[in-house]
Amino acid sequence: MSRVIGIDLGTTNSCVSVVENGQSTVIPNSGGYKTTPSMFGISQDGRRLVGHLAKRQAITNARNTAFAAKRLIGRRFDDPEVQKTIELSPYEIVRGPNDDPRIKIGGKTFTCPEIAGIVLREMKRVAEEYLSETVHEAVITVPAYFNDTQRQCTKDAGKIAGLEVLRIINEPTAAALSYGMNREGDEKIAVYDLGGGTFDISILEMSEGVIEVLATSGNTFLGGEDFDRRIVQHLIKWFEETEGMDLRGDTMALQRLKDASEKAKCDLSMRDVVEINLPFIASDSEGPRHLNYELTRESLENLVHDVVEGTLKSVEQCCVDAGIQAQDIDQVVLVGGQTRMPLVQKRVAEYFGKRPHKGVNPDEVVGLGAAVQAAALLDSDNDMLLLDVTPLSLGIGTYGGHFARLIERNTTVPVSKGHIFTTTRDNQSAVKIRVLQGESDMAAESDLLGEFVLSGIRPAPKGEPEIEVSFDIDANGIVSVSARDLATGKEQSITVSSTGTLSDTEIDEIIQAHDIYEVELKG
Amino acid sequence: MAQAKEEHVAKLLRQGLELYGTGEIPRAFMLWNEALELDPGNEEALDYIRDADRRSLPRADRGDAPSASIVWDARRLVQGENEEAALELLVSAPNSVTLECESMVELLRAKIFRKYKNALGDLDKIPRVKEDAADLEGRNLPPSAGFLLSMVDGLTSLSDLVTVSGMDRFEALRSLHRMSEAGILELGT
């Protein structure tokens, strides 16, 4: 029996894990790295690059390097998050035929599940090289706030990568799992996740194997890259003052500054001072110029202090949403490489009044949790019971623009619920079922997941026909909806695939198109 | 042997004419120049080049004496197997944008590129920096070389470095070749 891998498909980096001999292990790629940049690019000579190679051309060939596709996946083109990404991204984002955002690089347009699929395919390849066997199945993690469409698109990405996605689980849930926290009785846990490009704070409640997300908050445009950017700006300013040369328009210099800043930031989590040496960063008539600079931990902390404080505002909001005080939290879990920074650890500890849980690498904790879940799915003797909950309420749009909730948020999944609705006009022969997700009472303020029509209703005065609408949510959080006229027995149903998702035909076409290319990743 | 060479020159001249007829003028010049290298002074090749250059040069300084003499000097450098100097002369000279110059530049770049590739060997080789930072800073390298050096990590191959650098392939390979010749880089597997 082949093994099931766990994949943390991150905005900035991804990580693949597996359980071996009862222990979950992160699988390194051939370059020895345990995480792989979630980047896909096309070089100027037409080569397709994934991971570290794509990252290396991210500045010098920015228009042809896609990153952070996770911010776009499963969203509509007009979504404010997509519009903000368009403003900030050097690559082109265009409106797709399904009203979805698509990424245009190297003269070709890619769907977001396709880009995510390319990254997942690479993680699959890394696992297969390490395990020396073919891998067909995976558990993939997603942010707790992901709605049905975003989850469905992530499943599609898995399919494009040649993986059957056995389960989609929430990232904070995976983090808690990798600590084995689901077995320790009733607890409230704060998962502080500061990754490369996003910040998420989740408050979970664990009770008898059920993990409930009480609240999530965060900022999808705040992460470790903001810290790097502050260092880059600082170095550019210093170089301009001391050498009189402006490096802002020089993409080669900017790429080097970005790489060196990221490295210096990581080193400063273990040391008080680092040297940044960039020989031949520029030249003029007097010859080459070198950038040699000493950066201290203290100066770095001054540069990014406000960014760290910004995360704590989201933490405060999350506690309010969850209806708890900071001191009610039993455990604090840190996720994401940026949480290695001593200033972050110090401020989080001060806020919650307790030291964060130690022991698992913050870069790997989510991927490891996914592997734990993957192993549990294979092992029929495993007594671990993991029950996730719906992140958002589900229901249908009703007369007057209202939103009738059928399943409240935080309901444990899998779940099935039904309700009887009726017609609003005499002799109405059809009803349009609009499936919505969200917390507003107004349909217009909720996410439209999909819609379908139930026709052939027996002619009758308004209010007389009985139409039963049933919702099913499976363990992945994927929603199916059916509507049945109780008088005629006529039924219509859909597995919700809203306008942002791909059809099976589109997915098959993408799979075939990608089989032609050999995607490259090294080191 | 001489007959084979003659046939090859004739073929190059004919192919050049065909390309010229379809509007691929720089490529036609390349072939005629190649014919001239095999058979220096070949009148037919010289005629084609002169004639075509006269007829089809809206952006050239036709009849410009410096341009003609630069081409002449470049040819002599090529005959002396100093192709890099010939290329340098052609690309740095003002008023040298004739199609003949352009085609010669292309031909030289293709030839020198092959030379670099042969010298470096298998482009899957992995370069490593041999010198320490202090010695390196004493050298006079351009920023593009510094950029390439910053990506040398002992894992990335020459071929991948050229690709991800985003630099012109010729320029990237020239820089890597020069650094290898100067003992800054060593190549391994």
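Quick caveat, the model's predicted, so the values are computed rather than measured.

(A) Local environment of the overall build of chain B. Assigned secondary structure in chain B consists of ten helices and two strands. N-terminal to C-terminal, the α/β element order of chain B is α-α-α-α-α-α-β-α-α-α-α-β. When each of the 189 residues of chain B is scored for burial, the buried share is 34%. Taking contacts inside chain B between residues at least 6 apart in sequence as the whole, the part at least 24 apart equals 65%.

(B) Region of interest: the sheet that holds strand β18 (residues 331-335) of chain A. Residue and element names in this part refer to chain A. A sheet is described by the order of its strands in space; here four strands give the open sequence β15-β14-β13-β18, paired in mixed fashion. Both outer strands of the open sheet, β15 (210-219) and β18, are each paired with one neighbouring strand and no more. Ignoring which end each strand starts from, the neighbouring axes of this sheet average 20° apart. In the sheet, strand β13 (residues 187-194) pairs with strand β14 (residues 199-207) via eight bridges, with the strands oriented antiparallel. Paired with Ile 189 across the bridge in β14 is Leu 204. Its contacts with the sheet put helix α9 (residues 342-352) on β13 and β18, and the angle it makes with β18 is roughly 155°.

(C) Broad picture of the domain arrangement of chain B. Residues and elements named next belong to chain B. Entries for chain B in the domain assignment read domain 1 (2-118) and domain 2 (121-188). Domain 1 puts four residues into the contact, and the matching count from domain 2 is five residues. Classifying every residue of the side of domain 1 that touches domain 2 by side-chain character gives two nonpolar, no polar and two charged.

(D) Quick peek at the interface of chain A and chain B. Each partner contributes residues to the interface: chain A has 26 residues there, and chain B has 21 residues. Looking at the side of chain A that touches chain B element by element, the count peaks at six residues for strand β16 (residues 273-284) of chain A. Its residues assigned to classes, the side of chain A that touches chain B comprises nine nonpolar, eleven polar and six charged.

(E) Looking closely at the confidence of the model for chain B. Residues and elements named next belong to chain B. Looking at chain B as a whole, the pLDDT averages 82, with 89% of positions reaching at least 70. A low-confidence stretch, residues 57-63 stays under pLDDT 50, and its non-local contacts, those more than four residues away or across chains, total ten contacts. Note on the complex model: pTM 0.77, ipTM 0.70.

(F) Looking closely at the packing of helix α7 (residues 251-267) of chain A against helix α8 (residues 143-151) of chain B. Between α7 of chain A and α8 of chain B, the least distance of the axes is 10 Å, while the angle of their chain directions is 35°. The element α7 of chain A and its partner α8 of chain B pack so that their crossing is left-handed. Each of Met 252, Ala 253, Arg 256 and Asp 259 of chain A in α7 of chain A lies in contact with α8 of chain B, whose residues at this interface are Pro 143, Ser 144, Phe 147 and Ser 150 of chain B. Considering only residue class, the contact of α7 of chain A with α8 of chain B consists of four nonpolar, two polar and two charged.

(G) Layout of the environment of Gln 23 of chain A. Residue and element names in this part refer to chain A. Within the element layout of this structure, Gln 23 appears in strand β3 (residues 23-26). The class for Gln 23 is exposed, based on 11 C-beta atoms found within 10 Å. Separated by 120 residues in the primary sequence, Gln 23 and Pro 143 have C-alpha atoms spaced 24 Å apart.

(H) The arrangement of the pairing of strand β1 (residues 4-9) of chain A in detail. Residue and element names in this part refer to chain A. β1 sits mainly inside the fold: six of its six residues count as buried. Taken together, the five bridges between β1 and strand β11 (residues 137-142) define a ladder with parallel strand orientation. Bridge pairing links Ile 7 to Ile 140 in β11. In this structure, β1 lies alongside strand β2 (residues 13-20), joined through four bridges in antiparallel fashion. Following the sheet pairing, Leu 9 is matched in β2 by Ser 14. Connecting the antiparallel pair β1 and β2 is a turn made up of three residues.

(I) Expanded view of the pairing of β2 of chain A. All names here are of chain A. Where burial is concerned, most of β2 is hidden: seven out of the eight residues are buried. Sheet topology note: the β2/strand β4 (residues 36-37) ladder contains two bridges and is antiparallel. Pairing of Ser 14 across the sheet is with Thr 36, part of β4. Pairing analysis gives four bridges linking β2 to β3, with the strands arranged antiparallel. Each bridged residue has a counterpart across the sheet, and for Glu 20 the counterpart in β3 is Gln 23. Connecting β2 to the next strand, β3, in antiparallel fashion are two residues, including Asn 21 with a positive phi near 50°.

(J) Inspection of the sheet that holds strand β5 (residues 40-42) of chain A at higher detail. All names here are of chain A. Spatial strand order, β6-β5-β7: three strands in an open sheet with antiparallel pairing. Each edge of the open sheet is held by one strand with a lone partner, namely β6 (48-50) and β7 (65-66). Bridging between β5 and β6 involves three bridges; their strand directions are antiparallel. Within β6, the position partnered with Ile 42 by the bridge is Arg 48.

(K) Layout of the packing of helix α9 (residues 158-165) of chain B against helix α10 (residues 169-181) of chain B. Residues and elements named next belong to chain B. Two elements in contact, α9 and α10, have axes whose closest approach is 9 Å; the angle formed by their N-to-C orientations is 135°. Between α9 and α10, the angle is such that the two are oblique. Remark: the crossing between α9 and α10 carries right-handed chirality. Residues Leu 158, Leu 161, Val 162 and Ser 165 of α9 form the contact with α10, whose participating residues are Arg 169, Ala 172, Leu 173 and Leu 176. Grouping the constituent residues of the contact of α9 with α10 by class yields six nonpolar, one polar and one charged.

(L) Just the nonpolar core, in detail. Ranked by size, the top nonpolar core spans 132 residues in total, and within it Ile 5, Ile 115, Ala 176 and Tyr 192 of chain A carry the most contacts. Of the residues forming this core, the biggest block, nine residues, is contributed by helix α3 (residues 112-131) of chain A. In this view, Tyr 192 of chain A contacts Ile 201, Val 315, Val 332, Leu 334, Val 335, Thr 339 and Val 348 of chain A; residues no more than four positions away in its chain are not counted. If you look at the next biggest cluster of nonpolar residues, it comprises 26 residues, including Leu 13, Met 30, Leu 36 and Leu 108 of chain B.

(M) How the structure looks around the domain arrangement of chain A. Looking at chain A, the domain boundaries give domain 1 (224-302) and domain 2 (394-498). Between the C-alpha centres of domain 1 of chain A and domain 2 of chain A the distance comes to 57 Å.

(N) Highlighting helix α1 (residues 2-21) of chain B. Residues and elements named next belong to chain B. With 20 residues, α1 ought to run about 28 Å at 1.5 Å a step, and its terminal C-alpha atoms sit 29 Å apart, in line with that. Taken together, the buried positions of α1 are Leu 12, Leu 13, Gly 16 and Tyr 20. The buried residues of α1 all sit within an arc of 95° when viewed along its axis, so they share a single face. For α1, the exposed residues set more than 90 degrees away from the buried face come down to Gln 3, Ala 4, Glu 7, Lys 11, Arg 14, Glu 18 and Gly 21. One or two steps after α1, the chain reaches Gly 23, where phi turns positive at roughly 90°.

(O) Highlighting unusual backbone geometry. Residues and elements named next belong to chain A. We note that Asp 99 has phi near 70°; this positive angle belongs to a residue other than glycine. Counting through the fold element by element, Asp 99 comes out in the loop between β8 (92-95) and β9 (101-105). A count of 13 C-beta atoms within 10 Å places Asp 99 in the partly exposed class. Of note in this structure, Ser 132 is not a glycine but carries a positive phi near 55°.

What counts and what doesn't
Each chain carries its own residue numbering, running from 1 in the written order of its sequence. Whichever chain is written first is A, and whichever ligand is written first is 1; the rest continue in order. At least 70 in pLDDT is required for a residue's local features to be given in this predicted model, at least 80 for side-chain atom pairs to be given and counted, and no such filter applies to totals for whole chains, interfaces and linings, which use all residues. Think of it this way: any DSSP run of H or I at least four residues long counts as a helix, any run of E at least two long counts as a strand, and we number them from the N terminus. With C-beta atoms placed from the backbone, the exposure class of a residue follows from how many other C-beta atoms lie within 10 Å of its own: 20 or more, buried; 12 or fewer, exposed; in between, partly exposed. C-beta atoms are first placed from the backbone for all residues, and any pair lying within 7 Å is then listed as a contact. By this definition, two strands are paired if DSSP reports at least two bridges between them. Axes here mean lines fitted to C-alpha atoms, for a helix over just the part in contact, with angles spanning 0 to 180 degrees between N-to-C directions. Each domain's extent was defined by an automatic or database domain assignment. Residue polarity follows a fixed list, in which Ala, Val, Leu, Ile, Met, Phe, Trp, Tyr, Cys and Pro are nonpolar, Asp, Glu, Lys and Arg are charged, and the others, Gly among them, are polar. Confidence scores labelled pLDDT are given residue by residue by the predictor and lie between 0 and 100. Crossing chirality is assigned from the near helix's rotation relative to the far helix, an anticlockwise turn below a right angle marking it left-handed and a clockwise turn marking it right-handed. Throughout, the term roughly parallel applies to angles under 35 degrees, roughly antiparallel to angles over 145, roughly perpendicular to angles from 65 to 115, and oblique to all others. Here, a nonpolar core means buried Ala, Val, Leu, Ile, Met, Phe, Trp, Tyr and Cys residues linked by C-beta atoms lying within 7 Å of one another. For a helix, the expected span equals 1.5 Å multiplied by the number of residues minus one. The arc refers to the directions leading from the helix axis to the C-beta atoms.

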